[in-house]
Each structure stands twice: as C-alpha cells, then as structure tokens.
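These are the residues of each chain, in order.
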Amino acid sequence: MTNQSVKDDAGALGSASAAPSLRARRRAGAWRRTRRLFVRVAELMAVLFLVSLGTFALLSLIDTDPAVTILGEGHTQADYEAVREDLGLNDPLLERYADWLGSAAHGDLGASIVPPYHDVLDRIMAALPVSVELALLGVGMALLFSIPLAMWSAYHAGGRIDRWISAGTFSVLSVPSFLAGLLLIWLLSNGLGWFPRAEWSRLDEGLGANLYHAFLPALTIALAETALLTRVLRSDLITTLQEDYILAARAKGMGTVHIMFSDALRPSSFSAVTILGISLGRLIGSTVIVEYLFALPGMGTLVVGAARTGDYVTVQGAVLVIALIYVATNALIDLSYGYLDPRVRRSHA
Amino acid sequence: MNRKMLQLRSGPALVALVTTFTVLLTGCGSTDKSETPAKGKFEYVDGMVGSHDDAGEKPADGGTLTYSGLTEPTSLDPAMTIASASTGGVEMAAIYDTLMRYDSEQKVFVPQLAKSLEANEDQTEWTLTLREGVKFSDGTPLDAAAVVKSQQRYAQNRSPEAALWNGNVQDANPRDDLTVVYTMKAPFAWFDSLLSSGPGMIVAAASGPVGPGFKPVGAGPFTLKEQRPGEELLMESAESYWNGRPHLDELRFVYLGEQTTAQDSFEKGSIQAGYFRDPDIVDTLLGEGVRGYSNLVAISDTALINASEGRPGADPRVRRALQLAIDPEIVRNRVYDGHGYSSPRIFPEYSRWYTPDVKVLEPDTNEAKKLLEAAKADGYDGKITYLDSNTSASRDTGQVIKAVLESVGFKVEIELVQTIADLVSRMAVERDYDLAGWGLNYREADPYSKMFATLHSTGTQTYGMATSPEMDAALEKLQGAPDDATAREALGEIQQAYNDTVPFLTWMPFAEVSFWADNVHGIKGASNSMILFDQAWVG
C-alpha cells in the first residue's frame, strides 16, 4: 500500500464521521454532472418530441394537397383520391405521426412524398451547410463589427461617438432584413457590381467563389445582429466599467485596451452570448427572406418549398433538425457561462 | 444652445433621420410611368426577337451555358411534368429531344428527332419515320418499338396530355423498326403538335415506371449529370447524340425565384439565358433589343367563371355583365404599369388566328349595369368572390377586378390562397369558386389542344366553365381543320361562341420569352415556348 493510499483511506475513514472526503466530493460532483446531463438530454428529447408533434399538427391544418402537386390540373376526383390513398393521407393523423416518429427514432426521416422523391436527409444535408455557413458568417461579421463598436461606445458613454453609434444601431434595427437586403443589392451588386446578385457557390467549388457569393447575404444577416449585439454589449460594458476591480486595474496603471479586452469584455458578455446563441439557432432555420432575396438553397428555402407543395415529410424532418440544432446550441451557450464567469461554475458545484 | 451642442446633438439624429427617410422613400417609391411604353410600342411577335444574324460565324466548342428557368421542375419525367418552358419543358427537351419541333418562321411543325411525319388525306392516319441509328444515352436503340412503349407509358399514366392523346389516338403500331403508324379516332390535324410536346419526348426503358425511382434516360443532346434541388440542374453533352456531339460541354439550369432576380443576373452576365414573362421585364428586354425566342400566349391572364348551379356565373347575364364591365386596358395599366398587351379578343391583332370580321365584347359599363340589374331583379344579390393565389400581381388584379365590378353594381370579395397548388385544389378539384384568376394559355402554334381541354363539354379542364353546342361544334371543326384558313374560320366561330357564353374573362395575353446574351448562338425555338440547345454555342 502506498502512502497516497493510506492518506486516501484515512480520508475515507474520516469522512464517515466528519466532512466528506475529496473522493466522495468528486463522486458526488460526477453524479450531479451525470444527472444534469441526463436531465439536459431528457429536456432535449422532450423539446424535440413537442416540436415534431406541434409541427405535424400544424401541417395537418394546411390545405395544400400533395396529390394536386403530383398530378397537376386536369384530372378526375378519383385520380386525386387514388394518389391521396397511395400516400396514406387518408390514414388517421396520429397513425401517420406514429409511423413517422417510429422511422425518425431510427434515424430514417423518410423520402419526399412529391417528385422528385428525394431522401429527406439528403435534402437536409444539402441545404444545412448553406444555412449554417450563412448563420456563422453573419454572426461572425456581427461580432467583428459589434465588439469594437460597443467598446468604443461604452468607453465614451454619453459622448459624441456613443450617440452616433446609438443612432446608427437604432436605425439599422428599424430596417427590416428584406429592405436591408434590397438596399445592399441595389448598392453593392447592381450599383457597384462588386458582388453577384444571386446564386450560391459551394465550398467544394473553391473558398473564394464561396465567400464571393456568401458575402452579401451574410452582410444582410449581420446588419441587424450587429445592431442588437452592440446595444446589449454596450449596456453591459458600461455596468462592468463601474466595478471596483476595473478601478483597481486603472489605478495599477493598466492600459485601456488591456482593461477593455482582458477585464471588462468577458464578464460583460453574458447577455451578448445568450443573444448570440439564440440568433445562431434561429438564423439556421429562419433566413427565409435572405435566402429568397439571393436565391439560396438553404433550410428556409427547403422548408418553405416543401410546405408549398404539401410535402409534410420534408417539412417535418427539416424542422426536427432545426430544432435539434437550436436546442444543442443553447445547451452549449449554457455551458459557456461557466467559462465566462467562474461564479456560475461554483454555484453549480 | 450653442453651435457646438447643436452639431453634437443633430449628427446622430441626422443618421436616424436619413435612414428613416431612405426607408420611407424606398417603401413609397413607384415606377416612373413616363418610361412606360404605350400599347403597341413593341411589335410582339411569335418567334425570334432581336438580331439573329450569325451568318459566317464558326461555332465554338466547349463551355457552359447557364439558363434561368421560371420554376424548378418537380420531375424530369414527361409523363409527370407539363412540357412547357415555364414548367421544365426546356430541361426535358435537352434530355429527351422532341420528335417534332415548331418552326416559328414557317409556322409549321418540322421533324427534330424524327425523320418525317406524314398524314393521310383526311388526317385519320399519321406515319412517323425515325432516323436510323439513334440511340438513347444508355446505348439502347430508339426505334419504333421504343417510341410506342414510351407513348403507351405516357398515355396509361395520369400524364399532362394523356386525355388529349387517349381522346384522339385509336392505336399506334410499329410497321417496321423505323416506322410507327398512328390511327386516329377522327380526323386530327394537330397530331404533329402532340409529338412536339410531352408524348414526343421519348424515354428509354431504363427510365423505369412513373413515380419514385424514375431515371431520366433519353436520346437528347444532353444527359443529367447532377441535380441539386433548389440550387441547380447540371447536364453534360451526350457523346452519342444523333446529330453529333453538341457544342456546349455543359448546360446548367438555375432557378432564381423572382423574375427581377433573374433579370439582374442576366444583365450582370451571371446567367447567359433565361425565361421571362413578367410584362414589364419582357418589355424592358425587348426594348433593349436583347435576342430571344418569343411565344405569344393568348388568355394567359384571365379569370374563369364558374357556371355551375348555384354560382353567380350560372346566369349568362351575369357572365356577360362581368366581361362588359372590365376594360382590359385598365388591368394592363393598373396591374402591369402599362406594360404588355391587352385585348378583349381571344386572339388579338398580332395573331395568325386573328379574325377581324368577328365582333368582340367591347367594354360597356351601361350594358353591364343593365344586365346585372336584370339578374338582381330575378333574385341575384350581386355578390361574387374573386379567388386567386397570393402573389403581388394576383393581389393587384383582385383589387382592379373588385373596383371595376363594384362600379357597375357587383359586391366583390377577394379570397387569396397561399399557393398555386391550393388554387388548383379549390378551382380545378373542388370547383369551389365564383371567379378564379388563372391562365388558359392558348398558343399560336397549336390553339386546339388547350382550347378543347378547357372549352369543349367533354374537356378535362373546363372546371365548371360554361360550354355550349356551338362551342363544341366549332372546336370539332378546328380539330380536323386541314389548313390555316379552315382553322381560322373555326377560331372565328369559337370567338363568336365565346361572346355568347362568356366562359371566362378576357383581358391579357402574355409574351413568354427566353432571352439570351449576345455571345450565345444556335438556340432553336420549339413548341410551348421551349427552346432547344442541341446546336447552341457560346462565342
């Protein structure tokens, strides 16, 4: 038996009668983490179940008849009815949902019920990278713009530049994304000719071409996000800059840039990171207008196109994946709080 | 307040103010109507537009041509998708070619994939002769048996023109490897048109049955390389094409949503060709002298009148009052900012089927009021609902229809449904409508096919519209018309029968145009506004 073992055993013996030992505390901590993980996964499953059920129920209210999409016009009632029967649309709603859920639970999201009958997962895997890239680029640009703007604004709170930035962000927030997109198209594409008007170039066709096509739509997304993040971050930074430890840092003679980046930014980022997470999840499924303006083949286009043809299987699958990403992103954001502020970590422990 | 303070405070406010004004100005902006061409400024023609003098130019091999389609075809199976430029016909023609092709210069159907098509004297028997050595892209021969099998597959499924085929073709028999003899149920003068459309797109046996698992295998100049739904459809040239390998290496189809997006992309050079039919864009590109292929489509923008029992349109006085109340010029000016062409006539002055000796129902609000009053005296309450899909043009059309009909005493409700599929459900399947915005699309090359389907009492696309024995007789005369003069005479009778029954409202034909850039050559026109790329090249 080594000395360490003796110490551990002594500690264990001691723990029976007094304070818990380190190992016991670790075990308890691991158990709490495992339990939190299980709870988190259970919450995630519950959310996904509710989202899928809600989507299915909503889709059943839509009038669009896939049989009409498949056959077009000029056929008899019997023809349409035969197609509906073939598609199982006459089956009870819960039965159809149970069928779909059973397959989805095994990772099979099925195939589109209207031509060209593509596998839903293939369609999602083709559309998802477009939306993810747009969302990441949009949020990335927003961070790039908003952090310096918010810092400058907060550091000079109430000053001339702060008021300019405030007015600018409020103005941008008041412009709907479709209008911002149209203005950017008018200026940067049709006017100056710097960027293409529409279409998408995939990453495998070259990074340059990809970014060339992605820049304008990403900028359209970034504008509103920049304004929002700047407002929130500025407000939190102003509060943080009034803390005693910032005063202490100043008294020690630390430079402004060091104070802003090392001492003020991290604890001021709670709200911004929360918004960032929500935005990222939201943008992946809701850039429909931007995708429409720039004719991009993302998740928004996929969901809207499928809904317009009554292809509930594709809508259902796509919404499930979007919900999964949304929930997972927000779970990651929750975890990041511990990094941003150790007090959060300790409170969990 | 000192000067400095004023500057400080007014600067940010100015930013907000300028943005707000920009938003307001953009939102309230309207088209400069001084640029609007008057009716007839453009000579709308059915055929090639712009300068096409490519004589002496040597075709260049290679390159990719990108064409922007109106809507992405849901299927590339001609048994599933209407063979028309707006629905995926251009894409399918690239893969399958067409047995016959409409030649807009000669105004006749000419052989394309076929070698010849001959009719007997009374047009009850048509003989199709195929070219020797034509193969599908999978290497199997395109012979008489393959043609018959493909057309049986077309006729036996719920294909777009199956009713027309089944209604006219008694049987089709291979006489030898290269000859198919078609026997008609009655004299049928438009069979060559049918072979330039869906039934003339021959699919190989390897394509499989209609529905899931279908593979687009044809004998056209291109084969499908990759399909990325919502993004692009990529084709590569077929080495085995009967007329030699096409000049282009690749043919790429993209779908850019709004027509204005496609127009911007075309003008910036991102796409080399594209399909357009919005009257303002067509007028703009025609005005710039851009080259293209134009098809004039009668009754493209119309409203069907449900004449079923219990509907307002069941009363012929109401139907007549509806047409008399509407001045087509008002629709053109209000909905399309004065672009396009308006006429109360089915085939207006530009058409080869124009019949000036037959009078039309010219707008007459006083007569409309009298007819409506008479109907109201018999118990009609004057209420009518206008159904359409929820698009910008449809909303505008609904508002105009409401305004002009209410000015003569109707009470109009507008109902907009979200998608075209919803509109088809309500109108064509359930027949639950009074007035419905729609397009009947009677084409210059072949007015018969669609007219029979929509106006004959046995047609499959009447959707509750009024029919009459006179209309049936005129359509049957058109069916077997041996020459243009007889066809024109029949169409005059159809116009007269229309005046008497008013099954739909007439206000605008559309020009469907595929435009292409100056450096694109060799594109051929075909039926249903389709174009063929087998000899196309980019200079």
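Residues numbered from 1 in each chain as written. Chains lettered and ligands numbered in written order. Predicted model: local features only at pLDDT ≥ 70, side-chain atom pairs only at ≥ 80, totals over all residues.

Asker: Pulling in residues and values, what's your account of the overall build of chain B?
Answerer: Looking only at helices and strands, chain B features 15 helices and 22 strands. At 25 Å, chain B has a C-alpha radius of gyration in line with the 24 Å of a compact globule built from 539 residues. Overall, the C-alpha framework of chain B stretches about 90 × 75 × 45 Å when taken along its three principal axes. For chain B, the proportion of its 539 residues judged to be buried stands at 53%. Considering only contacts within chain B whose residues lie at least 6 apart along the sequence, 69% involve residues at least 24 apart. (Helix = DSSP H or I, 4+ residues; strand = E, 2+ residues; numbered from the N terminus. Rg over C-alpha atoms; globule rule 2.2 N^0.38 Å. Buried ≥ 20, exposed ≤ 12 C-beta atoms within 10 Å, placed from the backbone. Contact = placed C-beta atoms within 7 Å.)

Asker: Give me the lowdown on the overall build of chain A, citing residues and values where you can.
Answerer: For chain A, the helix and strand inventory stands at 16 helices and zero strands. Judged by the C-alpha coordinates and their principal axes, chain A covers about 85 × 65 × 35 Å. Sequence separation of 24 or more characterises 69% of the internal contacts of chain A that already satisfy a separation of 6 or more.

Asker: Go over the nonpolar core, please, and point to the residues and values.
Answerer: Grouped together as the largest cluster of nonpolar side chains are 239 residues, with contacts concentrated most on A318 of chain A together with A303, I305, M427 and I494 of chain B. Residue-level mapping places this core at the junction of two domains, with at least three residues from each of domain 1 (2–6 + 20–105) and domain 2 (120–340) of chain A. Those residues within four positions of M427 of chain B in sequence are excluded, and the remaining contacts are L304, L387, Y433, A436, W438 and Y463 of chain B. (Core = buried A, V, L, I, M, F, W, Y, C linked by C-beta atoms within 7 Å. Domains from an automatic or database assignment.)

Asker: Can you explain the interface of chain B and chain A? Please cite residues and give values.
Answerer: Opposite the 39 residues of chain B that make contact, chain A presents 47 residues. Secondary-structure elements contributing two or more residues to the side of chain B that touches chain A are α1 (3–28), α6 (259–268) and α12 (420–429) of chain B. Sort the elements by how many residues they give to the side of chain B that touches chain A and α1 of chain B lands first, with nine residues. Grouping the amino acids of the side of chain B that touches chain A by side-chain chemistry returns 19 nonpolar, 14 polar and six charged. (Nonpolar A, V, L, I, M, F, W, Y, C, P; charged D, E, K, R; others polar.)

Asker: Run through the environment of A368 of chain B, naming residues and quoting values.
Answerer: Residue and element names in this part refer to chain B. Note on placement: A368 falls in helix α10 (residues 365–377). In this structure A368 comes out as buried when scored by C-beta crowding, with 26 C-beta atoms within 10 Å. Apart from residues lying up to four places away in sequence, A368 is in contact with A321, L324, A325 and V408.

Asker: Break down the domain arrangement of chain A for me, with residues and values.
Answerer: All names here are of chain A. Split into domains, chain A comes out as domain 1 (2–6 + 20–105) and domain 2 (120–340). Put simply, the parts of the chain that give the side of domain 1 that touches domain 2 at least two residues each are α2 (22–61), α3 (66–71) and α5 (93–105). Ranked by residue count, the leading element in the side of domain 1 that touches domain 2 is α2, at nine residues. Here the residues of the side of domain 1 that touches domain 2 sort into ten nonpolar, four polar and two charged.

Asker: Account for the sheet that holds strand β7 (residues 169–176) of chain B, with residues named and values stated.
Answerer: All names here are of chain B. Pairing within the open sheet is antiparallel, and its four strands lie in the order β5-β6-β8-β7. At either margin of the open sheet sits one strand with a lone partner, and together these are β5 (114–119) and β7. Adjacent strand axes in the sheet meet at a mean angle of 20° when their direction is disregarded. Bridge analysis of β5 against strand β6 (residues 125–130) gives five bridges, and the strand direction is antiparallel. Looking at the pairing, A114 lines up with L130 of β6. (Pairing = 2+ DSSP bridges. Axes fitted to C-alpha atoms, helices over the stretch in contact; angles between N-to-C directions.)

Asker: Requested: an account of the packing of helix α9 (residues 328–335) of chain B against helix α11 (residues 392–406) of chain B, with residues and values cited.
Answerer: All names here are of chain B. Taken N-terminus to C-terminus, the directions of α9 and α11 make an angle of 140°; their axes are 10 Å apart at the nearest point. Regarding the angle of α9 to α11, the classification is oblique. Between α9 and α11 lies a crossing of right-handed hand. Two secondary-structure elements touch here, α9 through I330, V331, R334 and V335 and α11 through A393, D396, T397, V400 and V404. For the contact of α9 with α11, a count of residues per class yields six nonpolar, one polar and two charged. (Parallel < 35°, antiparallel > 145°, perpendicular 65-115°, else oblique. Left-handed = near helix turned anticlockwise from the far one by under 90°.)

Asker: Explain the confidence of the model for chain A residue by residue, including any values.
Answerer: Averaged over every residue, the pLDDT of chain A is 84; the share at 70 or more is 91%. Contacts of residues 1–16 of chain A to residues separated by more than four positions or lying in other chains number ten contacts, the stretch itself having pLDDT below 50. (pLDDT = per-residue confidence, 0-100.)

Asker: Would you mind going over unusual backbone geometry in detail, with residue names and values included?
Answerer: For the bond from P115 of chain A to P116 of chain A, the omega torsion is 5°, close enough to zero to count as cis. Mapped onto the secondary structure, P116 of chain A falls in the loop between α5 and α6 (120–155). Positive phi outside glycine occurs at K107 of chain B, with the angle close to 60°. Note that K107 of chain B resides in the loop between β3 (100–103) and β4 (108–111). Residues other than glycine seldom take positive phi values, yet N441 of chain B does so here, at roughly 55°. Among the structural elements, N441 of chain B can be located in the loop between β16 (435–438) and β17 (442–443).

Asker: Which residues make up the packing of helix α7 (residues 160–174) of chain A against helix α9 (residues 207–240) of chain A, and what values go with them?
Answerer: Residues and elements named next belong to chain A. In contact at an axis separation of 8 Å, α7 and α9 are set at 135° when each is read in the N-to-C sense. Judged by the inter-axis angle, α7 sits oblique to α9. Classified by chirality, the crossing of α9 by α7 is left-handed. Across from I165, T169, V172 and L173 in α7, the residues of α9 making contact are L223, A224, A227, L228, T230 and R231. Partitioned by chemical class, the residues of the contact of α7 with α9 number seven nonpolar, two polar and one charged.

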